Amino acid sequence: MKIEGGFTLIALMDGTTINGMLRVEGTPLVQRYNKGTAVFIPDFEALAENSRPTVAVILRDISDGDILIPNTIEYRYNDLLLTFGSNGLSTNAGMVGFFKKIDAYSTTIGGTTYQVSALRVMKNLVPISGYDNDRITVSGTVEIAGSSIAFKGLSKEVVIQESTGNQYDVLVSNNKGSQLLAAGESLTETARIFKDGVEITDYTGFTFQWVKMLGAGDTNMGTARTQAVTTNDVDNVLKLRCDVKLNGSLVASGYDEVTDFSDPYYLILKITGITGNTVRKGETATITPVAAKRSTGEEVPSLITSWTFSFKDNAGAAFILTGKSAATFTGTNAKVTYEDMVRAKMGISGSISGTA
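Fair warning: this is a prediction, and the values are worked out from it, not measured in the lab. (Residues numbered from 1 in each chain as written. Predicted model: local features only at pLDDT ≥ 70, side-chain atom pairs only at ≥ 80, totals over all residues. Heavy atoms only, no water.)

Caption draft 1: Region of the structure containing the sheet that holds strand β22 (residues 265-272). Sheet architecture is open: three strands sit in the order β22-β23-β26, paired in antiparallel fashion. Single-partner strands in this sheet number two, and they are β22 and β26 (334-337). If you compare each strand with its neighbour and ignore which way they point, the axes differ by 25° on average. One ladder, built from eight bridges, connects β22 with strand β23 (residues 284-293); its direction is antiparallel. What sits directly across from Tyr265, in β23, is Lys293. (Pairing = 2+ DSSP bridges. Helix = DSSP H or I, 4+ residues; strand = E, 2+ residues; numbered from the N terminus. Axes fitted to C-alpha atoms, helices over the stretch in contact; angles between N-to-C directions.)

Caption draft 2: The sheet that holds strand β20 (residues 237-246), seen in detail. Spatially, five strands are ordered β14-β21-β20-β17-β18 in an open sheet, and the strand pairing comes out mixed. Taken across any chain shown, the strands that pair with only one partner, and hence form the sheet edges, are β14 (179-180) and β18 (217-220). Pairing analysis gives four bridges linking strand β17 (residues 206-214) to β18, with the strands arranged antiparallel. Residue Met213 lies in a different strand from β18, and its bridge partner there is Asp218.

Caption draft 3: Expanded view of the packing of aromatic side chains. Following the criterion strictly, the structure yields eight aromatic pairs and no others. Measuring from centroid to centroid gives 5.1 Å for Tyr77 and Phe99, while their planes differ by 45°, and the two rings are tilted. On the criterion of sequence distance, the pair formed by Tyr77 in strand β7 (residues 72-77) and Phe99 in strand β9 (residues 99-109) is long-range, its members being 22 residues apart. Here Phe99 falls in the buried class, since its relative accessible area comes to 0%. Taken together, a centroid distance of 6.3 Å and an interplanar angle of 55° make the contact between Tyr203 and Phe208 tilted. For Phe208, a relative accessible area of 8% corresponds to the buried category. Taken together through their ring pairs, the aromatic side chains of Tyr168, Tyr203, Phe206 and Phe208 make up a single cluster. When the ring centre of Phe329 is taken as reference, the NZ or CZ atom of Lys324 above it lies at 4.5 Å. (Phe/Tyr/Trp six-rings, centres within 6.5 Å; stacked < 30°, edge-to-face > 60°. Buried < 20%, exposed > 50% of the residue type's maximum accessible area, 1.4 Å probe, protein only. Lys NZ or Arg CZ within 6 Å of the ring centre and 35° of its normal.)

Next up, the structure:
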């Protein structure tokens, strides 16, 4: 039996009961600008409202995969708690009307429509970004068996870049909310390509490579614009990447993370040494994986005693931590220093696998 898991160090969720993800619908959370002008690509304000970037909050009970609706929810842009008026629009100073909170946003998961909480971008984000990447973070509580359970640290990066023209982005989505519930089940991933913020329909010259991002390293899958993923492909959690090339040159990559709720065990990541979701100057984050029974949540540290870690920097390239000789290594935990974060351009992601 194998267990896989993944993490982005600045986007970790606490707790062992709730599986959460933020799914971007509409247009990717990417905005570019022409230096020295007020030209933004795409111009979010010029898009139809239902085409603007919308972050849907999808929560599941980790024991059975049931969709959960939060009792309370908080949205933050970077570290700022967003406040909203009766019309749902943000009221923060300097951000009035930039975001819209939607309490009953309709999204389809596995052929069923659910009403979930969502945050929609209403205005151009470059003016409030400081011209660098930002982050939308979600926290809150859900009720399970009469108890209020907290979740926090679900996040999505907002990419802010200077425009160089002819830039591409990839949005990867699937028909089942990135989760498989029963043995033998499958879902279909689809890559959508946007050029300078406009979705393209002519795929002439484009090629695709789907990649499993495993603790032991990357493994190639299919080369079509769509990719089937079955429970046999997923050991608890599968980090998935789609590399898109145009006439042989890589232009963009898209990502997804699929959870298999039919696996009897899942992976808990215990992060110590940091406060909140980020590694700050002088801090070292220690990442310790532990297997747990899906049926009860009981931790079983003796099930897997040695894990394989694989790290990547903020650009997605293999990254070697301080004191290690390779980006992929085995051990009981991994330590990430602030200096590592700086070398990785302030973002580190990773995959973890273990075999019992």
